[in-house]
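Fold and geometry: a report
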Amino acid sequence: MNSLLLTGGRVIDPANHFDSPADVLILGGKISAIGKKLSAPGGIETYSVKGIIVCPGLIDLHVHLREPGQTAKESLGSGTAAAARGGFTSVVCMPNTSPAIDNAGTVALIHERAAEEGMVNVFVTGAITKDIAGEELSPIGSLKKAGVVAITDDGHCIQNNELMRRACEYAKMFDLPVFDHCQDYSLVTDGVMHEGYWSTALGLRGWPSAGEEMIVARNILLAELTGAKIHCQHLSVAGSVALLRAAKKRGVSISGEACPHHFTLTDAAIAGSEKFWGADGKMLASLQTGELPSWSNYDTNFEMNPPLRSANDREAVLEGLTDGTIDILCSDHAPHCDYEKEVEFDYAPFGITGLETELALSLMQLVHAKRISLADLIAKFTVNPARLLNLKKGTLSVGADADVTVFDPDCEWIFRAEASVSKSKNSPFFGWQFKGKAVATIVGGKKVWSNDSELVAA
């Protein structure tokens, strides 16, 4: 069941600088050969993938699976099913669960549950501080021994700079990257949307760009001081991109990621669909066939942390992705129950789902818009996150784990709530027309999900 042959696809493997029509032979859960006119041993399933893309399994390094303690929102089973549907063979789960992942026992629990319920590989991050309270360091050495791939207080940001310095020093000792949710609480206070024209027009509390930039600058200084690898999560503003660009040019061990909602939408979306499509969304409107998706103002499915920013910020994030300043893409998949989001904007929790739409949105805004090549896009989902996390993933090298994503970059489809396999439906993209979709997701040589209408048995 973990051997198969994919024939006739365009194989793109950025880790090996390979981009050519080829067959991929998988035997015993490993990549056995890549080349033309390969033949499979008797009894091996063979699929024709002519005209579509075969690449290393996509990795999302920023996902909230909500287990343990919040399984009404999502579980390891439903979250990994959504990942497989989106074309992802590996996800990295965040530690802001209940209880928080701040000890070896909880890490072991998640590994056990993932082995039982998970459809894709699940890698675990550990909390920097106990209970993600920002006051006392977690046992970072024990977390490393238990198998975490990074440490983070995601969902929260350590405000004590001395504590963050010590965390970076320990992380350096144990060769763990530090992921940071960049938010200065004293600047952001109780803001719920980007501080600007629309926050004033809508009468909502503003969230200034400086609230992110301040912590990005702090992290750059700490990366220089300690030598730790610091990774800035979900960058959203122009100033953060500029700071990261300058630091990387100096050789600082700092990196950043971007989420599709931040380089697709803007704060105008919170004023309702008419305002968005009429201004910041004009270019996107031209890509939608039929009636444009509509939503009301104050729709809490457009409320996330960090918030949707201005059109200038969106363009800066796109430029950062184009020039390589931001070299990783992710979803920040953050499911919430319907009743939690069906409240006034001020009181709704931050976050949206994203595993099933991030590939399509990234193709739309980056590849189809001719900002980057298909190989560059795949690198941001495969080899780049694998290198940051020291994972033996993100490649189709012979002997590597046979984690493979097959996708059609030209498949047109509409994202509908009833088709989503996530437990939660808090996405702002229902009803959107997309171009590009996963066809099959293969983990360890086993086909865990496929669109049978497009994956043709040969």
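For the structure, check the block above.
What you are looking at is a predicted structure, and each value in this text was computed from that prediction instead of being measured.

Rules behind the numbers
- Residues numbered from 1 in each chain as written.
- Predicted model: local features only at pLDDT ≥ 70, side-chain atom pairs only at ≥ 80, totals over all residues.
- Heavy atoms only, no water.
- Pairing = 2+ DSSP bridges.
- Helix = DSSP H or I, 4+ residues; strand = E, 2+ residues; numbered from the N terminus.
- Buried < 20%, exposed > 50% of the residue type's maximum accessible area, 1.4 Å probe, protein only.
- Core = buried A, V, L, I, M, F, W, Y, C linked by side-chain atoms within 4.5 Å.
- Salt bridge = Lys/Arg side-chain N within 4 Å of Asp/Glu carboxyl O.
- 1 Å grid on protein atoms, 1.4 Å probe; cavity = no way out; pocket = protein on both sides within 12 Å on 5 of 7 lines; lining within 4 Å.
- Points joined across faces, edges and corners; volume = space filled by probe spheres on them.
- Nonpolar A, V, L, I, M, F, W, Y, C, P; charged D, E, K, R; others polar.

**Looking at the pairing of strand β2 (residues 18-27)**
The sheet contact formed by strand β1 (residues 4-13) and β2 spans eight bridges and is antiparallel. Of the residues in β2, the one forming a bridge with Ile 12 is Asp 19. For β2 and strand β3 (residues 30-35), the ladder comprises five bridges, and the chain directions are antiparallel. Of the residues in β3, the one forming a bridge with Leu 27 is Lys 30. Here β2 folds back onto β3, and the loop between the two strands holds two residues, one of which, Gly 28, carries a positive phi near 60 degrees.

**Some words on the sheet that holds strand β14 (residues 254-258)**
Spatial strand order, β6-β7-β8-β9-β10-β13-β14-β15: eight strands in an open sheet with parallel pairing. Of all strands in the sheet, those with a lone pairing partner are β6 (58-63) and β15 (328-329), marking the two edges. Direction of pairing for strand β13 (residues 230-232) relative to β14: parallel, over a ladder of three bridges. By the bridge assignment for β14, Cys 232 is matched with Gly 256.

**Structural notes on the pairing of β1**
Along β1, eight of the 10 residues are buried, which leaves the element largely enclosed by surrounding structure. Summarising the sheet, β1 and strand β4 (residues 45-48) pair through four bridges and their orientation is parallel. If you follow Leu 4 over to β4, its bridge partner there is Glu 45. Count of turn residues in the β1/β2 antiparallel hairpin: four residues, of which His 17 carries a positive phi of about 55 degrees.

**Brief notes about the nonpolar core**
If you look at the biggest cluster of nonpolar residues, it comprises 72 residues, and the most contacted ones within it are Leu 374 and Leu 377. In terms of nonpolar packing, the next biggest core, distinct from the first, is built from 28 residues, Leu 265, Ala 269, Phe 276 and Ile 352 among them.

**So, the pattern of salt bridges**
With the rule as written, the count across this model stands at 19 salt bridges. Between Glu 169 and Arg 166 there is a salt bridge, with the nearest N and O atoms lying 3.0 Å from each other. Of this pair, Glu 169 and Arg 166 both sit in helix α4 (residues 161-173), separated by three residues, roughly a single helical turn. Given the relative accessible area of 31%, Arg 166 is considered partly exposed. The salt bridge partner of Arg 205 is Asp 346, with a shortest N-O separation of 3.8 Å. You can see Arg 205 sitting in the loop between α6 (197-202) and β12 (206-207) and its partner Asp 346 sitting in the loop between α12 (338-341) and α13 (358-367), a full 141 residues away along the chain. Of the residues examined, Arg 205 reaches a relative accessible area of 35% and is grouped as partly exposed. Classification of Asp 346 by relative accessible area gives partly exposed; the value is 28%. Three or more residues are tied together by salt bridges with common partners; here these are Lys 30, Lys 393, Asp 401 and Asp 403.

**So, empty space enclosed by the protein**
Counted under the stated rule, the structure contains two cavities of 30 Å³ or more. In this structure, the largest cavity spans a volume of roughly 50 Å³. Gly 57, Ile 59, Thr 89, Ser 90, Lys 392, Lys 393, Gly 394, Thr 395, Ala 400, Asp 401 and Asp 403 together form the lining of the largest cavity. Taken together, the residues that form the lining of the largest cavity break down as two nonpolar, five polar and four charged. There is about 40 Å³ of room inside the second largest cavity. Pro 260, His 261, Ser 331, Ile 352, Thr 353, Gly 354, Thr 357, Glu 358, Leu 361 and Phe 429 together form the lining of the second largest cavity. In the lining of the second largest cavity, the residues fall into four nonpolar, five polar and one charged.

**Re the layout of surface pockets**
Rolled over the atoms, a probe with the dimensions of a water molecule shows which regions are left empty. Within this model, the largest pocket holds a volume of roughly 410 Å³. Lining the largest pocket are 21 residues, with His 64, Arg 66, Asn 96, Gly 155 and Phe 350 sitting closest to its centre. Taken as a whole, the second largest pocket encloses approximately 300 Å³ of empty space. In terms of lining residues, the second largest pocket is bounded by 16 residues, among which Met 283, Leu 284, Gln 365, Ala 369 and Arg 371 are the most central. The set of elements that each furnish at least two residues to the lining of the second largest pocket consists of α10 (282-285), α11 (311-323) and α13. The biggest single contributor to the lining of the second largest pocket is α11, with four residues.

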